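Each chain, letter by letter, is given below.
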Amino acid sequence: MIISIYSVLNRTIGRSLLLFSLILLFFALLAMPDALANSDEIQTQVSLGNNAGELKFFPSELEFKTGKQYKILLDNPSPVKHYFTAKDFADVSWTKKVQVGKVEVKGAIHELELQPGATAEWVLTPMKPGKYELHCSIKGHAAAGMVGEIIVEN
Ligand SMILES: [Cu+2]
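Residues numbered from 1 in each chain as written. Predicted model: local features only at pLDDT ≥ 70, side-chain atom pairs only at ≥ 80, totals over all residues. Heavy atoms only, no water.

Chemist: With reference to specific residues and values, describe the coordination of the copper ion.
Modeler: Geometrically, a metal with four donors at the corners of a regular tetrahedron has ideal angles of 109.5 degrees, and one with six donors at the corners of a regular octahedron has ideal angles of 90 or 180 degrees. The copper ion binds to the protein through His82 (ND1), Cys136 (SG) and His141 (ND1); the donor distances cover 2.0 to 2.2 Å. Counting gaps between the donor residues of the copper ion yields the pattern H-x53-C-x4-H. Of the two residues, His82 is situated in strand β5 (residues 82–85) and His141 in the loop between β10 (130–135) and β11 (147–153); the sequence distance between them amounts to 59 residues. (Donors = N, O, S within 2.8 Å, 3.2 Å for Na, K, Ca; no water. Helix = DSSP H or I, 4+ residues; strand = E, 2+ residues; numbered from the N terminus.)

Chemist: Can you lay out the pattern of salt bridges for me, pointing to particular residues and giving the numbers?
Modeler: If charged atoms from side chains of opposite charge come close, those side chains can pair. Per the stated rule, a full pass over the model turns up 7 salt bridges. Ionic pairing is found between Glu153 and Lys65, a salt bridge with its closest N-O pair at 3.5 Å. Within this pair, whereas Glu153 is found in strand β11, its partner Lys65 is found in strand β3 (residues 61–65), the two being separated by 88 residues in sequence. Owing to a relative accessible area of 36%, Lys65 belongs among the partly exposed residues under this scheme. Lys81 serves as the salt-bridge partner of Glu113, at 3.4 Å between the closest nitrogen and oxygen. Here the residue Glu113 occupies a position in strand β8 (residues 111–114), and Lys81 occupies one in the loop between β4 (70–75) and β5, the gap between them amounting to 32 residues. The class of Glu113 is partly exposed, set by a relative accessible area of 35%. The partly exposed category is assigned to Lys81, whose relative accessible area is 34%. By sharing partners, the salt bridges in this structure join Glu41, Lys71 and Glu121 into a single network. (Salt bridge = Lys/Arg side-chain N within 4 Å of Asp/Glu carboxyl O. Buried < 20%, exposed > 50% of the residue type's maximum accessible area, 1.4 Å probe, protein only.)

Chemist: I'd like a description of the environment of Thr125, backed by residues and values.
Modeler: By the secondary structure assignment, Thr125 is in strand β9 (residues 119–126). By relative accessible area, which is 9% here, Thr125 ends up buried. Sequence separation between Thr125 and Trp94 is 31 residues; the distance between their C-alpha atoms is 5.1 Å. Sequence-distant contacts of Thr125, that is, excluding residues within four places in its chain, are made with Gly67, Lys68, Gln69, Val92, Ser93 and Trp94. (Contact = heavy atoms within 4.5 Å.)

Chemist: Kindly report on the side chain of Ser47, identifying the contributing residues and their values.
Modeler: Inspection of the secondary structure puts Ser47 in strand β1 (residues 42–48). Ser47 has contacts with Lys56, Phe57, Phe58, Asp75 and Pro77, leaving out every residue within four places of it along the chain.

Chemist: Which residues make up the sheet that holds strand β7 (residues 103–105), and what values go with them?
Modeler: Pairing is mixed across the open sheet formed by 6 strands, whose spatial order is β2-β1-β4-β9-β6-β7. In this open sheet, the two strands that pair with only one neighbour each are β2 (57–58) and β7. Here strand β6 (residues 93–100) pairs with β7 via 3 bridges, running antiparallel. Residue pairing across strands places Val98 opposite Val105, the latter belonging to β7. (Pairing = 2+ DSSP bridges.)

Laid out in structure tokens, this is it:
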């Protein structure tokens, strides 16, 4: 009788402890990739034009490393709308999300259009080294100098 109570208690405590540790492990694993990603995320600021109306990217040359996660903070301080168009670069990158205000857009992204005063965050990981072109798709802007280069190194 005593032995059977002991074994039932032992089994119950053993199981709940096991369950408890499994639940802990589950949440730890759940939280880990996010924590790792956030601590490794590299922020890069890119302005599309400036308030003087210059047709340029600031900076016009961007450098990335493959396999690292970047948060590209885009803003348009100029009086006209602009595009951040880098199709080949986008093709060799894994986009986690594009965030605009409280909206997160997931999936493949190739270009972003920013209205005057707009900001957006593009979180991505470049996967392949190379030199990729960047331009603004608004007619006449690239010809006027609104172009850039994206360099991805291993
Ligand atoms: Cu433009």
